[in-house]
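Descriptive analysis of the structure
Next come the chains, spelled out residue by residue.
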Amino acid sequence: MSKVIESKPEALHDLSADPRYIGHSPARPSARRLVQGQGCYVDDIELPRMAHVVYWRSPVAHCRITRINADFARRMPGVLLVADGADLAKICKPWVATLGHLTNMKSAPQYPLAMGRAHWQGEPVVALVAETRAQAEDALQYLQVEWDLLPAVVDMETALDPATPLIHPELGDNLCFTRSLDTGGVDDAFAEADHVLKTTFEFGRHTGVTLEPRCQIADWASAEQRLTVYHSQQAPHMMQDLYSRQFGIAESSVRVICNDVGGSFGIKVHAYPDDFATVALSMLLGRPVKFVADRLESFTSDIHARHHRVHARIAVNNDGEIRAFEMDDLTGIGPFSMFPRTSAIEGNQVVNLVGGPYKHQHYRAKLNVVFQNKTPTCQYRGVGHPIACAVTEGLVDQAARAIGMDPIEIRRRNVIPDDAYPCAGISGIKFEGLSHEACLARLEALMDYPALRAEQEALRKKGIYRGIGIAALIELTNPSAAFYGVGGARIASQDGATARLDPNGGVTVMVSVGEQGQGNDAIYTQIAADAVGVDMAQVRVVTGDTAVTPYGGGTWASRGAGIGGEAVLLAGEALRANMVKLASVILKREVQTLDIYRGSVIDIASREVLSSVAEIGRVAYFRSDLLPKDFTPELSVTRHYAQRDYPFIFTNGVQASYVEVDPDTGFVKLLKHWAVEDCGRVINPRLVDEQIRGAIVQGIGGALLEECLYDDQGLMLNANMADYLVPMCAEMPDIEVAHIETPTRSSKLGAKGAGEAGTAGAPAAVMNAINDALSPFGAAVTSQPLTPEKILRALGKV
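A brief structural summary.

Criteria and thresholds
Residues numbered from 1 in each chain as written. Predicted model: local features only at pLDDT ≥ 70, side-chain atom pairs only at ≥ 80, totals over all residues. Heavy atoms only, no water. Helix = DSSP H or I, 4+ residues; strand = E, 2+ residues; numbered from the N terminus. Rg over C-alpha atoms; globule rule 2.2 N^0.38 Å. Buried < 20%, exposed > 50% of the residue type's maximum accessible area, 1.4 Å probe, protein only. Pairing = 2+ DSSP bridges. Axes fitted to C-alpha atoms, helices over the stretch in contact; angles between N-to-C directions. Contact = heavy atoms within 4.5 Å. Phe/Tyr/Trp six-rings, centres within 6.5 Å; stacked < 30°, edge-to-face > 60°. Polar contact = N/O pair within 3.5 Å; in protein donor to acceptor, adjacent residues only side chain to side chain. Parallel < 35°, antiparallel > 145°, perpendicular 65-115°, else oblique. Left-handed = near helix turned anticlockwise from the far one by under 90°. Nonpolar A, V, L, I, M, F, W, Y, C, P; charged D, E, K, R; others polar. Expected span 1.5 Å × (residues − 1).

On to the overall build of the chain, then. Tallying secondary structure elements over the chain gives 19 helices and 32 strands in all. Scaling as 2.2 N^0.38, a compact globule of 798 residues should have a C-alpha radius of gyration of about 28 Å, and the chain matches this with 28 Å. Taken along its principal axes, the extent of the C-alpha atoms in the chain is 85 × 75 × 45 Å. In the chain, which comprises 798 residues, the share counted as buried stands at 64%.

In structure tokens form, the structure reads like this:
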């Protein structure tokens with residue numbers, strides 16, 4: 001269930017004279033279509049003369065390709081083309097994924113297909129195109145590839161050792177990026193503190209497991225020299241730009257269409273080698289080529305994330321004052337930095353976010369990002385937040401236990417006060433306005449914390465070990481150009497919306513932010529309906545087509561509501577103003593006396609209905625002879641919005657987990673989970689709550705279940721749905737969500753992001769709950785996933 005939202009009314013903008021939809025939870029316009037199976041995903045699309053590609057991917061972590069014999073494969077029925085790296089390199093430029101503001105970051109050039117060497121298990125080496133997918137799969141079995149095995153860099157702990165082989169000798173070492181941060185006074189703060197607690201946190205690699213795998217159709221029209229790509233992607237304009245540059249095509253000649261997308265979570269915001277390979281194959285063949293990754297190859301070709309080892313410590317006094325944090329983060333990313341967002345952002349985020357909710361004045365951090373012969377890692381839902389939150393909140397719980405203070409109380413004493421904003425965090429990040437104190441108070445009441453502690457104590461006397469875990473968090477949303485643009489990446493920080501009045505009185509809204517299942521189409525419909533003054537049923541939203549929508553960044557970093565929603569609001573308001581001007585001309589009344597209200601033109605003073613919106617649309621489009629010669633109605637309006645006030649707009653929240661641990665088996669039972677979130681103005685409470693719940697489930701998956709396991713040769717051992725564990729409904733607890741609203745003043749809408757906070761806080765809350773349950777035994781686990789085996793090892797039972 002969802003609790004009543006607590007707002008700060010003085011911070012809210014008056015968005016509409018009749019706000020019927022913003023702040024409410026009407027049904028999603030697309031829901032009926034999707035549940036009836038009428039969605040249009042990439043694999044539903046069939047084009048004339050369309051061929052199908054499959055890829056021969058390296059079965060080993062590192063090898064030199066010595067021979068490719070495709071003679072037998074080419075003779076198989078339906079085979080159209082077999083191509084290797086050299087073939088595609090003739091028409092597609094290589095890329096190097098670095099960002100200029102990440103000083104001294106480096107990576108090696110990468111190609112659509114491996115050139116001479118394969119660098120990870122799953123790297124595409126040979127492409128085989130046939131008339132049907134079945135024919136391509138059959139012919140692939142007749143492809144003969146020979147290779148010499150090369151030493152694999154598997155252990156990130158030894159990646160920088162002098163004795164470790166270099167993956168790219170031309171780079172000089174296996175270091176992709178390093179960063180240090182020291183605010184000063186750290187050694188003194190630790191020396192003067194009453195207690196210093198230190199531990200090592202480990203985070204296992206995992207991946208997104210989207211319902212719809214990565215897929216695309218590339219259609220090169222050679223006569224027109226135009227490229228159309230149907231994509232399951234989060235950033236169509238980014239891909240339009242990349243295809244233009246990598247293939248030397250005019251950007252205006254590239255169209256990227258993203259219809260329905262079956263989940264993304266950041267997995268589909270990157271440019272993969274096989275994306276470029278599929279386009280190259282279409283250009284070579286002069287016909288459409290479809291690629292759909294199967295579930296098995298997805299495990300080693302989709303990006304991984306979260307592989308970190310963090311040595312960390314906290315300094316705290318007996319009165320609960322946190323004096324300092326220090327951490328050393330090592331993360332392994334694979335053999336290449338991922339294009340174009342790079343694989344260093346996650347680690348960089350960890351440095352920025354550790355200690356984020358608190359007012360301590362001393363912080364030191366070290367980050368090393370190293371190459372290894374494993375699947376590349378990159379941005380995945382939460383991007384560094386789950387690591388930073390688990391490190392921070394794990395240390396805070398250890399500090400509370402050391403000084404005998406309640407976990408909520410130590411947080412209450414140390415969070416940045418709600419009246420201290422705007423201010424800067426200790427790492428230099430800028431905060432506009434957060435509500436840690438209000439969130440903590442709301443959580444304590446929501447979960448009836450004193451009663452829960454009493455229940456825990458009573459059950460311990462009966463040999464039942466339950467734990468309560470708390471995790472305060474911050475979340476980066478609504479990013480400015482500081483995220484990518486300043487580093488030279490052509491990834492838009494702005495988004496656009498076009499609002500158009502149609503002749504029948506309906507409103508069509510075209511938005512550059514797409515829809516991947518999170519409900520962007522619903523909130524844009526709500527915002528447009530309120531902004532223009534019409535019913536939701538009269539609004540149609542179009543997304544995901546670079547030939548139709550304004551230019552924009554797309555869906556990532558929890559920016560759909562805050563950036564895209566603001567663009568829709570601005571366009572809707574501008575269209576409404578133009579409609580009122582048109583009505584004033586038609587009705588021969590003063591503009592200031594009229595308004596649009598629920599699909600009608602009304603007199604503001606008397607509330608009398610003077611005309612319908614459909615009628616003024618009819619006159620504008622079909623009876624222009626009735627309008628003055630010097631007046632032209634502007635009934636299609638485009639507005640763009642980029643957040644410029646801060647590098648990012650931060651949200652905050654707090655989560656709690658209640659678990660039961662069986663000390664004999666190590667099994668963890670999730671009993672209840674709570675989340676209090678401040679994501680600014682809540683546009684659709686139901687959608688926000690379900691985003692938070694879904695993100696919490698994803699965070700729990702990383703905390704307890706999900707891990708890409710590798711052997712010492714760099715081969716993934718559990719690359720299938722039988723062995724790679726994901727959370728299931730029956731294992732998940734009830735999740736109760738409540739909200740505090742602190743709207744951002746950087747926009748009229750006041751919305752921040754909500755899509756990643758659940759993932760950020762859940763692992764920390766669950767880890768702390770497990771360790772609270774284990775505290776009577778003097779045991780603790782800090783290696784995620786927190787498996788029964790690790791718990792039993794901590795208890796000394798294995």
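Read across the open sheet, the 4 strands follow the order β24-β23-β22-β28; overall the sheet is mixed. Edge positions in the sheet fall to β24 (539-543) and β28 (636-642), since each of these pairs with one other strand and no more. With direction set aside, neighbouring strand axes in the sheet form an average angle of 20°. Along the sheet, helix α14 (residues 520-532) contacts β23 (507-511) and β24; its crossing angle with β24, the most-contacted strand, is approximately 135°.

This brings us to the packing of aromatic side chains. Both the distance between ring centres and the angle between the ring planes are used here to describe each pair of aromatic rings. Going through the model one piece at a time under the given rule, you end up with 18 aromatic pairs. Ring centres 6.5 Å apart and planes at 25° place the aromatic pair Phe-325 and Tyr-358 in the stacked group. Separated by 33 residues along the polypeptide, Phe-325 in strand β17 (residues 322-332) and Tyr-358 in the loop between α9 (345-353) and β18 (362-370) bring together distant segments of the chain. What makes Phe-325 buried here is its relative accessible area of 0%. In this structure Tyr-358 comes out as buried when scored by relative accessible area, which is 2%.

As a further point, take unusual backbone geometry. The linkage connecting Phe-339 with the following residue, Pro-340, adopts the cis geometry, with an omega of -10°. Within the element layout of this structure, Pro-340 appears in the loop between β17 and α9. Although it is not a glycine, Arg-49 sits at a positive phi angle of roughly 65°. Mapped onto the secondary structure, Arg-49 falls in the loop between α1 (31-35) and β2 (51-57). Not every positive phi belongs to a glycine, and Ser-558 is a case in point at roughly 50°. Residue placement: Ser-558 occurs in the loop between β24 and α15 (560-587).

This paragraph deals with the side chain of Ser-298. One can find Ser-298 in helix α8 (residues 295-301). Of the residues examined, Ser-298 reaches a relative accessible area of 5% and is grouped as buried. A distance of 2.9 Å separates a polar atom in the side chain of Ser-298 from the backbone oxygen of Asp-294. Excluding residues within four positions of it along the chain, Ser-298 makes contact with Pro-213 and Ala-293.

With that out of the way, let us pick up the pairing of β2. Note on strand geometry: in a regular strand, side chains alternate between the two faces of the sheet. Extensive coverage of β2 is indicated by the burial of 7 of its 7 residues. Residues Ala-51, Val-53, Tyr-55 and Arg-57 line one face of β2 and the alternating positions His-52, Val-54 and Trp-56 line the opposite face, and both faces are buried. Relative to strand β14 (residues 289-292), β2 runs parallel, the two sharing 2 bridges. Within the sheet, the bridge partner assigned to Ala-51 lies in β14 and is Val-289. Pairing between β2 and strand β6 (residues 124-130): 6 bridges, direction antiparallel. Across the sheet, the residue bridging to Trp-56 is Val-126, located in β6.

For α9, a buried count of 9 out of 9 residues is recorded, marking the element as mostly surrounded by other parts of the structure. For α9, the set of buried residues is Ile-345, Glu-346, Gly-347, Asn-348, Gln-349, Val-350, Val-351, Asn-352 and Leu-353. Just downstream of α9, Gly-355 is the residue with a positive phi angle, here 75°.

Here we come to the packing of helix α10 (residues 385-403) against helix α11 (residues 407-414). Geometrically, a packed helix pair is captured by the angle between its two axes and the distance between the axes. At their nearest, the axes of α10 and α11 sit 9 Å apart, and the two run at 110° to each other. Between α10 and α11, the angle falls in the class roughly perpendicular. The hand of the α10/α11 crossing is right-handed. Residues Glu-393, Val-396, Asp-397, Ala-399, Ala-400 and Ile-403 of α10 pack against Pro-407, Ile-410 and Arg-411 of α11. Along the lines of polarity and charge, the residues of the contact of α10 with α11 split into 6 nonpolar, no polar and 3 charged.

Next up on the list: the environment of Thr-158. Summarising the element assignment, Thr-158 is placed in the loop between β7 (144-149) and β8 (175-182). In this structure Thr-158 comes out as partly exposed when scored by relative accessible area, which is 31%.

Since the α-helix advances by 3.6 residues per turn, residues separated by three or four positions end up pointing in the same direction. With 12 residues, helix α13 (residues 449-460) ought to run about 16 Å at 1.5 Å a step, and its terminal C-alpha atoms sit 17 Å apart, in line with that. Buried residues belonging to α13 abut α11, α12 (436-446), β21 (465-477), β29 (649-661), β30 (668-678) and α18 (757-774).

One way to put it is that α14 packs onto α15 with a least axis distance of 8 Å and a crossing angle of 30°. Relative to α15, the element α14 lies roughly parallel. α15 is crossed by α14, and the crossing has right-handed handedness. When α14 is examined against α15, the residues Asn-520, Ile-523, Tyr-524, Ile-527, Ala-528, Asp-530, Ala-531 and Val-532 are found in contact with a partner set consisting of Gly-560, Ala-561, Gly-564, Gly-565, Val-568, Leu-569, Gly-572, Glu-573, Leu-575, Arg-576 and Met-579.

Before going further, it helps to spend a moment on the sheet that holds strand β26 (residues 600-603). On the basis of which strands lie adjacent, the open sheet formed by 3 strands has the order β25-β26-β27 and antiparallel pairing. Only two strands of the sheet have a single neighbouring strand rather than two, namely β25 (594-597) and β27 (609-612). Each neighbouring strand pair of the sheet contributes to a mean axis angle of 30°, computed without reference to strand direction. Two elements, β25 and β26, share 4 bridges in a ladder whose sense is antiparallel. Paired with Leu-594 across the bridge in β26 is Asp-603. Of the strands in this sheet, β25, β26 and β27 touch α15, which is tilted by about 120° from β25. The strands that helix α16 (residues 613-622) touches are β25, β26 and β27; relative to β27, the one it contacts most, it runs at about 55°.

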